[in-house]
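Topology and contacts: notes
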Amino acid sequence: MCERLYAIEMQTPMGKKQGTIRVITEQETMNGYLTVLDHSTPFTGSIDGEGHCKFTGSIVTLMRTIDYEASGKMEDDSISLDIHGERNVFQVVGKRSHQTEAEQKGRL
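The following refers to the structure shown. (Residues numbered from 1 in each chain as written. Predicted model: local features only at pLDDT ≥ 70, side-chain atom pairs only at ≥ 80, totals over all residues. Heavy atoms only, no water.)

Observations concerning the pattern of salt bridges
Heads up, the rule is: Basic side-chain nitrogens of Lys or Arg form a salt bridge, by our definition, when they fall within 4 Å of a carboxyl oxygen of Asp or Glu. Under the DSSP-based scheme used, a helix requires at least four consecutive residues in state H or I and a strand at least two consecutive residues in state E, with every element numbered from the N terminus. Residue burial is assigned from relative accessible area. The probe radius is 1.4 Å, only protein chains are included, and a residue is buried under 20% of its type maximum, exposed over 50%, and partly exposed in between.
Tallied over the full model, the rule gives 5 salt bridges. Arg64 is paired through a salt bridge with Glu86; the nearest N and O atoms lie 2.9 Å apart. With Arg64 in the loop between β5 (52–60) and β6 (65–74) and Glu86 in the loop between β7 (78–84) and β8 (89–97), the pair connects residues that are 22 residues apart, well separated along the chain. Judged by its relative accessible area of 52%, Glu86 is exposed. Arg96 is the salt-bridge partner of Asp76, the closest N and O atoms lying 2.7 Å from each other. With Asp76 in the loop between β6 and β7 and Arg96 in strand β8, this residue pair connects regions lying 20 residues apart in the sequence. Owing to a relative accessible area of 26%, Arg96 belongs among the partly exposed residues under this scheme.

Considering the state of the cysteines
Test applied: Cysteine sulfur atoms are paired as a disulfide whenever they come within 2.5 Å of each other.
Enumeration over the complete set of coordinates arrives at 0 disulfides. Free cysteine Cys2: the closest other cysteine sulfur is in Cys53, separated by 13 Å. For Cys2, a relative accessible area of 26% corresponds to the partly exposed category. A relative accessible area of 3% means that Cys53 is categorised as buried.

Read these as spatial facts, not as claims about activity.
Take a look at the structure:
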C-alpha cells in the first residue's frame with residue numbers, strides 16, 4: 001500500500017482553484033479524497049503499473065454537486081488529470097507534498 005498527498009491546481013470556469021488530493025494505492029486499485037472549494041470528497045478507481053489512472057467521485061460547489069470521471073497519470077512527484085463533469089472538463093495538475101493536509105490547508 002502506498003499513500004501520497006499532492007498539492008493541486010484545478011482550472012475551473014471561475015479561474016484556478018487550489019486544493020489537495022490524497023491517493024492510496026494498493027496493487028491496481030486506488031481511492032482517496034479530493035479536497036477543493038473547501039470540501040473533501042472520496043473517490044475510487046484503478047491505476048496501472050505505469051501510473052495511468054481512472055476514478056470516479058463528486059465535487060461539491062456552492063451551487064451543486066458535480067459527479068465526475070477522472071483520468072490521467074500519477075507519478076511519484078506529480079499528478080495530471082482531466083476531470084469530466086456533466087458540463088465541463090477540469091484540468092488538474094499537481095506536485096507531491098510532504099506536508100500534512102492540515103499544514104497544506106493553512107498554506108493555501
